[in-house]
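Here are the chains, one letter per residue:
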Amino acid sequence: MASFVREVLSATGTLDKKEDFAVKTTKVQKKLNDLKSQLAIHIQNRYASFSTTLSNTTKITAQMERLAAEVEALESNINKHFRAELLDRNKELIELSEGLQELNLTLQIVGKIKCCYDLMEESNEQ
């Protein structure tokens, strides 16, 4: 069904190229995992070895703030590109679906009319 919608949107020219949010999300996830590892090392050094400095803590905090801003920007981008458009596309899809249902009903009615016509012609021939 998604490919049908994509084809319809492509044909009407309303399907724009979108940013690859999955790739961006994966990159942010990798950065978060790296930060988590650094934080684990920092905690281990702080409480096991007692060999940390205040500058390491400041760097990790700054990194965490940058990643939080990056996650927030990514979420904002996704909301901007998809959520608003999704409502419009959902409305279009509902209209298309209703139109297809009407076409199917009309086709069924025409089929029944044809069947009735054939039966009337058959009875007239007898």
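Definitions and cut-offs
- Residues numbered from 1 in each chain as written.
- Predicted model: local features only at pLDDT ≥ 70, side-chain atom pairs only at ≥ 80, totals over all residues.
- Heavy atoms only, no water.
- Helix = DSSP H or I, 4+ residues; strand = E, 2+ residues; numbered from the N terminus.
- Contact = heavy atoms within 4.5 Å.
- Areas by Shrake-Rupley, 256 points an atom, 1.4 Å probe, with all protein chains shown as cover.
- Salt bridge = Lys/Arg side-chain N within 4 Å of Asp/Glu carboxyl O.
- Buried < 20%, exposed > 50% of the residue type's maximum accessible area, 1.4 Å probe, protein only.
- Disulfide = S-S within 2.5 Å.
- pLDDT = per-residue confidence, 0-100.

## As for the overall build of the protein chain
Along the protein chain, the regular secondary structure elements total 3 helices and 0 strands. For the protein chain, the succession of helices and strands along the chain, N to C, is α-α-α. In the protein chain, 74% of the contacts between residues at least 6 apart in sequence involve partners at least 24 apart. Entry remark: accessible area of the protein chain is about 10500 Å², with carbon and sulfur atoms responsible for 60%.

## What about the pattern of salt bridges?
Inspection of the entire model under this criterion finds 5 salt bridges. Between Arg89 and Glu92 there is a salt bridge, with its nearest N and O atoms 2.4 Å apart. One end of the pair is Arg89 and the other is Glu92, both in helix H3 (residues 54-125) and 3 residues apart, which spans about a single turn. Look at Arg89 and you get buried, because its relative accessible area is 18%.

## Notes on the state of the cysteines
Within the structure shown, the criterion is met by 0 disulfides. Unpaired in this structure, Cys115 has its nearest cysteine sulfur neighbour in Cys116, at a distance of 5.9 Å. A residue is classified by how much of its surface remains accessible, and Cys116, at 44% relative accessible area, is partly exposed.

## Some thoughts on the confidence of the model for the protein chain
Summing up the model confidence of the protein chain, the mean pLDDT is 79 and the portion of residues at 70 or higher is 76%. Element-level mean pLDDT values for the protein chain span from 60 in helix H1 (residues 2-12) up to 86 in H3.

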